[in-house]
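Residues per chain are reported as follows:
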Amino acid sequence: MKFTAFATSVATSIVLSGACAGALAASTANTPPAPPAAAAPVAARPAASASAGSADANADTAPLPPPSSAAQHLYGSAKNDILQVRSLLKSGRTQSSVGSGFLIGTSNLVVTNYHVVSQFALDPDTYVGEWVDTGGQRGNVELLAVDVLHDLAVLRVSRNGTGFFKIPEQLAKLTQGQYLYSLGNPLDLGFAISEGAYNGVIARSFYDQLMFTGPINSGMSGGPSVTVDGAVAGVNVSKRLDGELVSFLVPARYAQALLKRVEDQKKPPTDFTGVVAAQLLTHQRAMVDQLLASPLTLKPMGPYQVPVRESEQMRCWGRSTVKADKPFTVDDASCAMESAIFVSGSLQTGQLSIRHQYLRSTSLDKARFAQLASSSFKNEHFGNNKDTRLTGPQCTEDFVKSKNLPLRAVLCVRAYRKFAGLYDFALLTATTDQGLMSLQSRLDARGVSYENGLRLSRVFLDSLSLAPKKTAAVAKPAKGGAQ
């Protein structure tokens, strides 16, 4: 297949979506916009709601368990340095999103999540940031630095901390099962503290996160999670909606590094869109290099051999649709990164996925099967020109031969309107060698450079082939046996 450059236009536009006091956006897929407030990236499947009639009749009158003395002490000591961070529309100062943050030492610097400030970071002409403390004081915020890859930001506010929250050079060492305490403003109901346990480092995310077995609710994003001694262990960032008390923290060392960057910079950037774009380009280089550091694993699907990648960051799943009333069968193998980089409520990127579908039939004639395979190929979606985040797809189609396998291949490329140098690539292929079977494969690379998009596409295309034929062993007569 001939890969050629596309002329792509780059325009502007991006907005954050959210839900009440901190929306929960999917970490592996884009979700529809929700009602107002700060978005926290989380896993895609929502938790099931409880039945209205299942609660115990005495539940409303039963006393709540008292908080531990450690939690009471920590909250009493820390409450003056916890802030609510709000994103407001400049026109009318209407609240658009809500998160949390915390003052560092006795300075006027605040650590929070990037996704809490993403609206006024990317669209400062429309949004402005505001802080509110537990005493009701408030003021504007100044954005000093962002780390979109680890979902962190540093702000400057018009008041100083009391010295409770510190991120020293020597960070606290955590042990499995150790109690941690997360602080923030859940659901915009008021400042609160929740208890849980540290349960190790999660490696499935491209960047390390800490697993916190405790409640982190919407609006607590950007708040601190501390040890019983008050040492900052991490920053609240997200929770799983398909589990019970499965929450995540950004390790304190990333906040430490971002504060150091603020200390060394002479003045804050005037355009954070360019900063975010540069960080996303750094991410895609590491992501693609890691994926291609070793040859892709080749798996058999019928008479074909298909490339996959199984790793800590990329998981593979398979299924087969065998039904007695269907004249064809489809085997499906899919691999995808389990995390993406949150850019805004409408855009998550920096992610790779691979999919293979093997269609076959024993009861359809060749013409009807060809129509079925062609319909499946044409149903693939590559986006449209109405997307405000990306240009319309520019595609090229060709019939090629990969090793010993003839293929129909379509390559589509879309440019990011607001982040120069970033593209989404989609490569779709279909075999043309058999009358009653078809292998259709797809590679999606979101948020990559043009060069890396072509690089991935070539490797993927070159890895598709017919499976090696098994040679039958020739039996040799034993010595002295009958001739």
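A brief look at the structure comes next. Residues take numbers from 1 onward in each chain, read along the sequence in its written order. The model is predicted, so local features are restricted to residues of pLDDT at least 70 and side-chain atom pairs to those at 80 or more, both for listing and for counting; the totals for chains, interfaces and linings are taken over all residues. Remark: hydrogens and water are excluded; side-chain values derive from all non-hydrogen atoms of the structure.

### Some remarks on the sheet that holds strand β26 (residues 437-448)
By the convention used here, strands pair only if DSSP detects at least 2 bridges between them. Comment: elements are numbered from the N terminus, with helices defined as DSSP H or I runs of at least four residues and strands as E runs of at least two. Read from one edge of the open sheet, seven strands run β18-β19-β22-β26-β25-β24-β23, paired in antiparallel fashion. Single-partner strands in this sheet number two, and they are β18 (314-321) and β23 (394-402). Averaged over all adjacent pairs, the angle separating strand axes in this sheet is 15°, with direction ignored. Direction of pairing for β23 relative to strand β24 (residues 405-415): antiparallel, over a ladder of nine bridges. Its bridge partner being in β24, Thr396 is matched across the sheet by Leu411. The contact definition used throughout considers only heavy atoms, calling two residues in contact when any of these lie within 4.5 Å. Simply put, an axis is a line fit to the C-alpha atoms, just over the touching stretch for a helix, and the angle between two N-to-C directions goes from 0 to 180 degrees. Strands in contact with helix α5 (residues 366-378) are β22 (351-360), β24, β25 (423-431) and β26; relative to β26, the strand with the most contacts, it is inclined by about 5°.

### Section: the layout of surface pockets
Empty space within the second largest pocket amounts to approximately 650 Å³. Along its surface, the second largest pocket is lined by 28 residues, and His381, Asp424, Arg442, Asp444 and Arg446 are the ones closest to its centre. Put simply, the parts of the chain that give the lining of the second largest pocket at least two residues each are β19 (329-337), β21 (347-349), β22, β24, β25 and β26. Sorting elements by how many residues they give to the lining of the second largest pocket places β22 first, with five residues. Residue polarity is assigned by list, with Asp, Glu, Lys and Arg as charged and Ala, Val, Leu, Ile, Met, Phe, Trp, Tyr, Cys and Pro as nonpolar; anything else, Gly included, falls into the polar class. Looking at side-chain class alone, the lining of the second largest pocket contains 13 nonpolar, seven polar and eight charged residues. A 1.4 Å probe that fits but cannot get out identifies a cavity on a 1 Å grid over protein atoms alone, an open set with protein on both sides within 12 Å along at least five of seven lines counts as a pocket, and a residue lines either if it has an atom within 4 Å of a point. Grid points are joined across faces, edges and corners, and a volume is the space filled by probe spheres set on the points.

### Considerations on the pattern of salt bridges
Pairing of side chains with opposite charge becomes possible as their charged atoms draw close. We define a salt bridge as a side-chain nitrogen of Lys or Arg found within 4 Å of a carboxyl oxygen belonging to Asp or Glu. For the structure shown, the criterion picks out 16 salt bridges. In this structure, Arg86 engages Glu130 in a salt bridge whose closest nitrogen and oxygen atoms are separated by 3.7 Å. Here Arg86, found in strand β3 (residues 82-89), pairs with Glu130, found in strand β6 (residues 127-133); they are 44 residues apart in sequence, far enough to count as distant. In terms of burial, Arg86 and Glu130 fall into one category: buried. Among the salt bridges present, the one from Arg442 reaches Asp444, with a minimum N-O distance of 2.7 Å. Through salt bridges that share partners, Arg86, Arg93, Glu130 and Arg138 make up one connected network. Type-normalised accessible area, obtained with a 1.4 Å probe on protein chains alone, sets the label of each residue: buried when under 20%, exposed when over 50%, and partly exposed for intermediate values.

### So, the packing of helix α4 (residues 272-291) against helix α6 (residues 450-463)
α6 packs onto α4 with a crossing angle of 15° between their chain directions and a minimal axis gap of 11 Å. The pairing of α4 with α6 is recorded here as roughly parallel in orientation. In the packing of α4 onto α6, the handedness of the crossing is left-handed. Where α4 abuts α6, its residues Gln284, Arg285, Val288, Asp289 and Leu291 lie against Asn452, Arg455 and Leu456. Here the contact of α4 with α6 is built from residues that sort into three nonpolar, two polar and three charged. Angle categories: roughly parallel below 35 degrees, roughly antiparallel above 145, roughly perpendicular from 65 to 115, and oblique for all the rest. Each helix crossing is assigned a hand: it is left-handed if the near helix lies turned anticlockwise from the far helix by less than a right angle, otherwise right-handed if that turn is clockwise.

### Description of unusual backbone geometry
In this structure, Asp151 is a non-glycine residue whose phi angle is positive, near 60°. Along the chain, Asp151 falls in the loop between β8 (142-147) and β9 (152-156). The exposure class of Asp151 is buried, given its relative accessible area of 7%. For Lys403, which is not glycine, the phi dihedral falls at a positive 55°. Take Lys403: it is sitting in the loop between β23 and β24. Residue class for Lys403 comes out exposed when judged on its relative accessible area of 57%.

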